[in-house]
There are 2 protein chains.
Amino acid sequence: MKSTGVTIADVAREAGVSPMTVSRSLREPARVSAKSRERIAEVIERLGYVPDPAARALAAGRTNVIGVIIPSVTNNVFSDVMRGIYGVIENSPWQVQLGNSRYVAETEEALTRTFLSQRPAGLIVSGVDQTRKTRELLINAPCRVVQIMELGEAPIDMMVGFSHREAARVATQHLFDKGYRRPAFLAARVDPRTKRRMAGFEDVVRTAGAFDPSRILATSAPSSAALGRTLMAELLDNAPETDSVLCNNDDLALGALFECLHRGIDVPNAIGICGFNDLEMMAVAYPTITSVKTYREEMGRIAATMILETLKGIEPEEPVVDLGFDVMSRQSTAKLL
Amino acid sequence: MKSTGVTIADVAREAGVSPMTVSRSLREPARVSAKSRERIAEVIERLGYVPDPAARALAAGRTNVIGVIIPSVTNNVFSDVMRGIYGVIENSPWQVQLGNSRYVAETEEALTRTFLSQRPAGLIVSGVDQTRKTRELLINAPCRVVQIMELGEAPIDMMVGFSHREAARVATQHLFDKGYRRPAFLAARVDPRTKRRMAGFEDVVRTAGAFDPSRILATSAPSSAALGRTLMAELLDNAPETDSVLCNNDDLALGALFECLHRGIDVPNAIGICGFNDLEMMAVAYPTITSVKTYREEMGRIAATMILETLKGIEPEEPVVDLGFDVMSRQSTAKLL
DNA sequence: CTGTTAGCGCCTTCAA
DNA sequence: TTGAAGGCGCTAACAG
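Since we're looking at a predicted model, the values are computed, not measured.

### Describing the protein's contact with DNA strand C
No. 1: Neighbouring DNA strand C are 27 residues; T21(A), R24(A), I8(B), S23(B) and Y49(B) lie closest to it.
No. 2: Between DNA strand C and S36(A) there is a distance of 2.7 Å, counted from a phosphate oxygen to a side-chain nitrogen or oxygen.
No. 3: One of the side-chain N or O atoms of S23(B) is found 2.4 Å from a phosphate oxygen in DNA strand C.
No. 4: Mapped by element, the contributors of at least two residues to the surface near DNA strand C are α2 (19-27) and α4 (53-60) of chain A together with α2 (19-27) and α4 (53-60) of chain B.
No. 5: A per-element tally of the surface near DNA strand C places α4(B) first, with 4 residues.

Put into structure tokens, the structure is as follows:
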């Protein structure tokens, strides 16, 4: 039944103190005399004692688990965020527990319940589009909560993200600034963030009097480079006047690039391509692709740090962090007007 | 202290049975009368009871945690494997706990100890190059263990993978079959699997009498498309006779492609490119890139399934599964000899 | 600074 | 098929 066999009682006996002192020396070393502490440390080392997290959780009334709810484990964007989270938590006594909502609100709600019933040390959730009930659960959660990915009106607790609508606006404006006049928008699975980006695209395109529904392609299929090629082909066939395209993400952009190469289209002069996220490869793509750089790993890092800090009793200077974005223009030569 | 506040005792009282019966109806429903079972189910639903995993772990002497140790959370390959694992475990009562060894053997050993001290339900570890001590720990582990990624001589317990050396051999031979005569090898961070692939490349190249160290480039830097471009540039500058290149992964291959495009080199006629893993984008790259398809997600799926099955008392038909690989040739036209 | 007391919520064992 | 007793390993809360 016992794993290492070594319990806190064994350590206590060997060190000539009570189990409580051992427990303390582990969690609040400052409140234990240096002598005891050293002796205990030596015994722990010698016996190879490792505290049982289950027993600890049961006794303390909370676990060392930080729950993370994301809508997809397939999407690169979330892998990047997770990397940031793991990076911070890896060398702490806490553990990450991942939940995948699969873009389904009910699943998200169920995951939230499950996590909460485990008395997590903290919770990181994606987006701001929780159901009313999920929101209520999170507001009353007995732990701190960070919403990531987006910025929104009423943060549940803490928040790290950026404005997708604004990012799309700036990217679209950038296309106009470079001299393009008839931009298109390509998107795959339309989640809330995609909708906001699409809205940002429309904002600018309408203002410029360049709105044309035939230049907006969105499907419910999951994103992929293959889909990017398909959508680009469709676009070029049906809206040949298109002179640039804002892709909802870099996979689509890469696919769009390949389709242009395949057709012998001059990128970026005949068609300008702008992706979203600025994955590593975008910087070296040739012909060049512009992309909107987002700070995904940092988002995870900051969210996890916020949880760890509050766990130590340190409040963040600012509960809402806007990470912003950057249009990485790789339009070496300005487009001729 | 209590989260939902609802404990097994509450359910028992409300259902007019003992806590023990509730506990049983949850774990061994067959051993509880249909009447009790229904009544209990109703109460659980009504009260929103969720068993406390910590209490359960403490009492049962083992957790519902399946530990997974991988060397990198950055590497796409492992994200794909994790996706397979999560897919299987997501809808089971078990949970995934991820450990990142960062390619450091000591870290792997420490992680193994930590996991084992938590009495995991199962363990999935990467590769076959554990330290002697880690191996010993795993062999004596009180749970089932699956090694993934590779195949090897002496499986600790179960194993799912493929031969990297053989895969590289076949890929290299494929280049010769297509008419290329002076293939190069590009690699980033050289982990054990990369070494084996390199060996496979050398096997074939030496046999063909085409071995030339100046056409083998490997660095310790982490892999990226940018690095692929850099290495390809270096290769083309220093070994201009190169007519094809086997890249240790698809990021490098993509970078290599971009470098060729940048230099106006005719791919695949002047230079043939072969990647490794066959990421989704490779299928639609233009100019075309061949790649060695590996079954990463399936690897995770099978490994997780093996654990879950053995947990149910079902032994796998075969404890070692060779997933193989496939060279996805995208050499539309045969190379002229 | 240290120890005592009393569980945390559930499951194992054993008996009915 | 069900229940009673006891304890898993640890930590709050409260002394001392």
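Structure shown, so let's carry the discussion forward.
### Structural notes on the interface of chain A and chain B
No. 1: With 42 residues of chain A at the contact, the number on the chain B side is 42 residues.
No. 2: Between chain A and chain B the total buried area reaches about 4000 Å² when both faces are included, carbon and sulfur atoms providing 57% of it.
No. 3: When the buried surface of chain A facing chain B is broken down by residue, F258(A), V284(A) and Y286(A) rank first, second and third, together holding 15% of it.
No. 4: For the interface between chain A and chain B, the tally reads 4 salt bridges.
No. 5: The salt bridge partner of R119(B) is D52(A), with a shortest N-O separation of 2.9 Å.
No. 6: If you look at where chain A meets chain B, you find 19 residue pairs in polar contact (both at pLDDT 80 or more).
No. 7: It is α4(A) that provides the largest number of residues to the side of chain A that touches chain B, a total of 6 residues.
No. 8: Looking at the side of chain A that touches chain B residue by residue, the classes come out as 23 nonpolar, 11 polar and 8 charged.

### Some remarks on the sheet that holds strand β8 (residues 244-247) of chain B
Residue and element names in this part refer to chain B.
No. 1: Strand order in the open sheet formed by 6 strands is β7-β6-β8-β9-β10-β12, and the pairing between neighbours is mixed. The open sheet terminates on both sides in strands that have one partner only, identified here as β7 (216-218) and β12 (326-328). With direction set aside, neighbouring strand axes in the sheet form an average angle of 15°.
No. 2: With 3 bridges joining them, strand β6 (residues 183-187) and β7 adopt parallel strand pairing. Bridging across to β7, F185 finds its partner in I216.
No. 3: Against the sheet, helix α10 (residues 225-238) touches β6, β7 and β8, its axis set at about 145° to β6.

### Notes on the domain arrangement of chain A
No. 1: Per the domain assignment, the segments making up chain A are domain 1 (8-51), domain 2 (61-162 + 296-324) and domain 3 (164-293).
No. 2: Of note, the centres of domain 1 of chain A and domain 2 of chain A, computed from C-alpha atoms alone, are 34 Å apart.

### Examining the relation of the copies chain A and chain B
No. 1: Least-squares fitting of chain A to chain B yields an RMSD of 0.1 Å, with the superposition described by an axial translation of 0.0 Å and a rotation of 180°. Put plainly, the chains are arranged around a two-fold axis. Across chain A, the smallest distance between a C-alpha and the rotation axis is recorded for A54(A), namely 2.3 Å.
No. 2: When the interface residues of chain A are mapped onto chain B, 100% of them again lie at the interface, so the same face is used by both copies.

### Digging into the UniProt feature "domain: HTH lacI-type" (unreviewed entry) in chain A
No. 1: UniProt marks residues 6-60 of chain A with the feature "domain: HTH lacI-type" (unreviewed entry), using the numbering shown here.
No. 2: The span residues 6-60 of chain A is 71% helix and 0% strand, and its two end C-alpha atoms sit 20 Å from each other.

### With respect to the packing of helix α10 (residues 225-238) of chain A against helix α11 (residues 250-263) of chain A
Residues and elements named next belong to chain A.
No. 1: Look at α10 against α11: their axes get within 6 Å of each other, and the N-to-C directions meet at 55°. Considering their axes alone, α10 and α11 lie oblique with respect to each other. Our pair here, α10 against α11, has a crossing hand that is right-handed. Seen from α10, the contacting residues are A225, L227, G228, R229, L231, M232, A233, L236 and D237; seen from α11, they are D251, L252, G255, A256, F258, E259, C260, H262 and R263.
No. 2: Taken together, the residues of the contact of α10 with α11 break down into 10 nonpolar, 3 polar and 5 charged.

### Considering the side chain of T290(B)
No. 1: Assignment of secondary structure puts T290(B) in strand β10 (residues 290-293).
No. 2: Here T290(B) is in contact with H174(B), I273(B), C274(B), G275(B), V327(B), M328(B), S329(B), R330(B) and Q331(B), once residues within four sequence places are set aside.

### As for the environment of T63(A)
All names here are of chain A.
No. 1: Residue position: T63 is located in the loop between α4 and β1 (65-70).
No. 2: When the C-alpha positions of T63 and P120 are compared, they lie 5.4 Å apart, and in sequence the two are 57 residues distant.
No. 3: The contact partners of T63, leaving out residues within four places of it in the chain, are A57, W94, Q118, R119, P120 and A121.
No. 4: Looking at T63, its side chain comes within polar contact range of the main-chain oxygen of Q118, at 3.4 Å.

### Considerations on the environment of E202(B)
No. 1: Relative to the helices and strands, E202(B) is located in helix α9 (residues 192-207).
No. 2: Counting along the chain gives 71 residues from E202(B) to I273(B), while the straight-line C-alpha distance between them is 17 Å.

### Considerations on unusual backbone geometry
No. 1: With an omega of 10°, the peptide bond between V267(A) and P268(A) qualifies as cis.
No. 2: Counting through the fold element by element, P268(A) comes out in the loop between α11 and β9 (272-277).
No. 3: Note the cis peptide between Y286(B) and P287(B), where omega equals 0°.
No. 4: Secondary-structure assignment places P287(B) in the loop between β9 (272-277) and β10.

### Points about the packing of helix α6 (residues 105-117) of chain B against helix α7 (residues 132-139) of chain B
Residue and element names in this part refer to chain B.
No. 1: At a minimum axis separation of 9 Å, α6 and α7 run at an interaxial angle of 20°. Relative to α7, the element α6 is oriented roughly parallel. In terms of crossing hand, the pair formed by α6 and α7 is left-handed. Where α6 abuts α7, its residues E109, T112, R113 and L116 lie against K133, T134, L137 and L138.

### Description of the pairing of β6(B)
Residues and elements named next belong to chain B.
No. 1: Counting buried residues along β6, 5 of its 5 residues qualify, which places the element largely inside the surrounding structure.
No. 2: Side chains P183, F185 and A187 of β6 all project onto a buried face; the interleaved residues A184 and L186 project onto the opposite face, where all are buried too.
No. 3: Two strands pair when backbone bridges link them, and β6 and β8 are joined in this way by 4 bridges, in the parallel orientation. What sits directly across from P183, in β8, is S244.

### Considering the sheet that holds strand β2 (residues 95-100) of chain B
Strand pairing in a sheet relies on backbone hydrogen bonds, with the paired strands running either antiparallel or parallel.
All names here are of chain B.
No. 1: The sheet built from 6 strands is open, its strands ordered β2-β1-β3-β4-β5-β11 with parallel pairing. A strand with exactly one partner marks an edge of an open sheet, and here the two such strands are β2 and β11 (320-322). Going from strand to strand, the sheet's axes swing by 15° on average, the running direction of each strand aside.
No. 2: Note: strand β5 (residues 158-162) against β11, 3 bridges, orientation parallel. Residue pairing in the sheet places G161 in a bridge with D322 of β11.

The rules we used
Residues numbered from 1 in each chain as written. Chains lettered and ligands numbered in written order. Predicted model: local features only at pLDDT ≥ 70, side-chain atom pairs only at ≥ 80, totals over all residues. Heavy atoms only, no water. Near = heavy atom within 4 Å. Polar contact = N/O pair within 3.5 Å; in protein donor to acceptor, adjacent residues only side chain to side chain. Helix = DSSP H or I, 4+ residues; strand = E, 2+ residues; numbered from the N terminus. Contact = heavy atoms within 4.5 Å. Buried area = accessible area lost by both parts, 1.4 Å probe. Salt bridge = Lys/Arg side-chain N within 4 Å of Asp/Glu carboxyl O. Nonpolar A, V, L, I, M, F, W, Y, C, P; charged D, E, K, R; others polar. Pairing = 2+ DSSP bridges. Axes fitted to C-alpha atoms, helices over the stretch in contact; angles between N-to-C directions. Domains from an automatic or database assignment. Least-squares fit on C-alpha atoms with pLDDT ≥ 70 in both. UniProt positions renumbered as here; feature names shortened; annotations may be inferred. Parallel < 35°, antiparallel > 145°, perpendicular 65-115°, else oblique. Left-handed = near helix turned anticlockwise from the far one by under 90°. Buried < 20%, exposed > 50% of the residue type's maximum accessible area, 1.4 Å probe, protein only.

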